[in-house]
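Coordinates in review
Residues per chain are reported as follows:
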Amino acid sequence: MSYTLTGLTAGTVKFDPGTGTITQEVLTKSSKMTSNAIEYGSSIEDHVYLNPDQLQITGVVVKNHNIFKDRLESMHKQRDLVTYTGKIRVFNYVIINLQIKNSSSNKKGFQFTATLQKATIVSGQYVELGQTALMSQQDAGKKKGDAQSTAVKAAGLKTTVSQQISQSSYAAYVNSYGGKSSSGPTQRKTASHNGV
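A brief look at the structure comes next. Here the structure is a predicted model, which is why all the values come from computation and not from measurement.

A word on the packing of aromatic side chains
Tallying each qualifying case throughout the model produces three aromatic pairs. Both rings, one in Phe15 and one in Phe112, keep their centres 5.5 Å apart while their planes meet at 20 degrees; by these two values the pair is stacked. Taken as a pair, Phe15 in strand 2 (residues 11-15) and Phe112 in strand 9 (residues 110-118) lie far apart in primary sequence, 97 residues in all. Among the residues examined, Phe15 registers a relative accessible area of 0% and is labelled buried. Note on Phe112: relative accessible area 2%, which makes it buried.

Now the structure itself:
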């Protein structure tokens, strides 16, 4: 069986019996659940969040040591979107962890473990020009209200004084109190008050 790991910019690494092989594929699907209490009767899925899927591949390279190593490192360093084809097939993954192990039993090659994580890719919505009128065009086409409703709207934006008080009338009003209150005693019964 042939295994391939293809990056958008870094190229392809093809594992076949002559160059190397993949010895293990581990697909991990995980979730994160809130550690806070969940109210009885609420929907559990509102409190559990799916983590991106991860695929860990372990393999051995026995030939073309430098080419394979350079391409794997390039895929990781460039954060390249990769497609993996083996027993498990995935696309739009990124290598988030790469381990390369050299041993004396494989002098012309190496062992490696790569952890790939699913990259969630979305596209923004758009409206083609000419399909919907621009906001400025929509606003320009609105009907003007009658004069009375326009005046009421404008009056709501202003603070107006409906009656003017002369300065002498205001002074007479203030002096009418003379600093005294008409209700209650003018003196305390005790000389001091301790607040009790």
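Some details on the pairing of strand 1 (residues 3-7)
Taking burial as the measure, the five residues of strand 1 include four buried ones, the bulk of the element. Two elements, strand 1 and strand 2, share five bridges in a ladder whose sense is antiparallel. Within strand 2, the position partnered with Thr6 by the bridge is Thr12. In sequence, strand 1 turns back onto strand 2 through a hairpin of three residues. Here strand 1 pairs with strand 7 (residues 81-85) via four bridges, running antiparallel. In the sheet register, Thr6 faces strand 7, and the bridge partner there is Thr83.

Scoring rules and cut-offs
Residues numbered from 1 in each chain as written. Predicted model: local features only at pLDDT ≥ 70, side-chain atom pairs only at ≥ 80, totals over all residues. Heavy atoms only, no water. Phe/Tyr/Trp six-rings, centres within 6.5 Å; stacked < 30°, edge-to-face > 60°. Helix = DSSP H or I, 4+ residues; strand = E, 2+ residues; numbered from the N terminus. Buried < 20%, exposed > 50% of the residue type's maximum accessible area, 1.4 Å probe, protein only. Pairing = 2+ DSSP bridges.

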